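Here is what each chain is made of, one letter per residue.
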Amino acid sequence: MIYKVKRTDEVLLQNVDFSVVEPTYLVSNDNKSEVLYKTAFRLLYNDDGIFFKFDVEDDHINCTMSGYNEPIYDEETVELFISSTGQLTNYLELEWNAIGGVFCANVENDLCGHTKLDFVEENILKTEIFAEKFGYSIRGFIPKSLFANNKFVGEWKFNAYRIKRDEKKNMLLYAYSPTIEPNFHKPNMFATLIFE
């Protein structure tokens, strides 16, 4: 799978027109279950970083953590995993939830089931959350300083995800490129990211 990121001349998040990009919808991570809550994402970039927007269908938000680098993945999140070098053993893990929680860490993955997190100490991600009729939207900006390769050239690797807990706290997993098993740290299943 290939996702092509369009360029924008905007520099301020609040001025970015995400409607110039068609939404891309996540599918069930096992690639067979019904998607009960639609989730769409859009990406744009400029010389300084990557803009993102998630539109998240939800009827009951099940999250309590709003701090930086709390384990928000234990509740509900939308996520981007991005390898700017194309290497599958090192990538950036980015997560956001509906109440302001943000998670940012560099991941070392030995591709044998073991991961090591190196937390980014300062939150330099710009994030905005909006209530919507269908649920909520999260949009933000990822500065290029977070990426190992801060030039938007070549083929990067990435995936987009969502973790949703239903009313019984059952975990629903959605992905752009499904990992098939209930584990998002499967970089061999990442899609390709290309900058137009």
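Everything here concerns the structure above.
Please read these numbers as outputs of a predicted model, since none were measured by experiment. Each chain has its residues counted from 1, following the order in which its sequence is written. Residue-level local features of this predicted model are given only where pLDDT is at least 70; pairs of side-chain atoms are given and counted only at 80 or more, and the full residue set underlies all totals for whole chains, interfaces and linings. To get the side-chain values, all heavy atoms of the structure are used, and hydrogens and water are removed first.

Now, about the nonpolar core: what can you tell me, with residues and values included?
Working definition of a nonpolar core: buried Ala, Val, Leu, Ile, Met, Phe, Trp, Tyr and Cys residues. They are joined through side-chain atoms within 4.5 Å. A simple rule labels every residue: compare its accessible area, found with a 1.4 Å probe on the protein chains alone, to the largest value its type can have, and call it buried under 20%, exposed over 50%, or partly exposed in between. In terms of nonpolar packing, the biggest core is built from 45 residues, with Leu43, Leu80, Trp96, Ile142 and Phe158 touching the most fellow members. At five residues, the largest contribution of residues to this core is made by strand E5 (residues 49-57). The contact criterion used is simple: two residues touch if any of their non-hydrogen atoms lie within 4.5 Å. Setting aside residues no more than four positions away along its own chain, Leu80 makes contact with Leu43, Phe52, Phe54, Leu92, Glu93, Leu94, Trp96, Ile142, Phe158, Asn159 and Ala160. Judged by nonpolar contacts, the second largest core, of nine residues, contains Tyr91, Tyr161, Phe184 and Phe190. By definition, any uninterrupted DSSP run of H or I lasting at least four residues is a helix, any uninterrupted run of E lasting at least two residues is a strand, and each is numbered from the N terminus.

I'd like a rundown of the pattern of salt bridges, residues and numbers included.
Any Lys or Arg side-chain nitrogen found within 4 Å of a carboxyl oxygen on Asp or Glu counts as a salt bridge. Within this structure, the stated rule accounts for eight salt bridges. Of the charged contacts in the structure, one is a salt bridge between Asp47 and Arg7, with a shortest N-O distance of 2.9 Å. Highlighted residues: Asp47 in the loop between strand E4 (39-46) and E5 and Arg7 in strand E1 (residues 2-7), separated in sequence by 40 residues. For Arg7, a relative accessible area of 40% puts it in the partly exposed group. Across the pair Lys53 and Asp55 runs a salt bridge, and its minimum N-O distance is 3.5 Å. As far as burial versus exposure is concerned, Lys53 and Asp55 are alike and both buried. One network of salt bridges, with partners in common, ties together Asp58, Glu76, Arg162 and Lys164.

Please set out the pairing of E5 residue by residue, giving values where relevant.
One face of the sheet, then the other: side chains in a regular strand alternate in exactly this way. Burial of E5 is extensive: eight of the nine residues sit out of reach of the surface. Here a strand pair is declared whenever DSSP counts at least two bridges between the two strands. Alignment of E4 against E5, held across eight bridges, turns out to be antiparallel. The residue bridging Thr39 from the neighbouring strand is Val56, located in E5. From the end of E4 to the start of E5, which pair antiparallel, there are two residues. Pairing between E5 and strand E11 (residues 135-143): nine bridges, direction antiparallel. Paired with Asp55 across the two strands is Ser137, which belongs to E11.

I'd like a description of the layout of surface pockets, backed by residues and values.
The way it works is a 1 Å grid over only the protein atoms, where trapped points that fit a 1.4 Å probe form a cavity and open points with protein on both sides within 12 Å along at least five of seven lines form a pocket, and then any residue with an atom within 4 Å of a point lines it. Grid points are joined across faces, edges and corners, and a volume is the space filled by probe spheres set on the points. Empty space within the largest pocket amounts to approximately 210 Å³. The set of elements that each furnish at least two residues to the lining of the largest pocket consists of strand E6 (77-83), strand E7 (90-96), strand E12 (156-165) and strand E13 (171-175). For this scheme, ten residues count as nonpolar: Ala, Val, Leu, Ile, Met, Phe, Trp, Tyr, Cys and Pro. Four count as charged, namely Asp, Glu, Lys and Arg, and the remainder, Gly too, count as polar. Residue composition of the lining of the largest pocket, grouped by class: nine nonpolar, two polar and four charged.

Describe the state of the cysteines, and please don't skip the residues or the numbers.
Two cysteine sulfur atoms make up a disulfide if the distance between them is within 2.5 Å. In the structure shown here, the tally under the stated rule is zero disulfides. No disulfide involves Cys63; its sulfur sits 19 Å from the nearest other cysteine sulfur, which is in Cys104. The class of Cys63 is buried, set by a relative accessible area of 12%.

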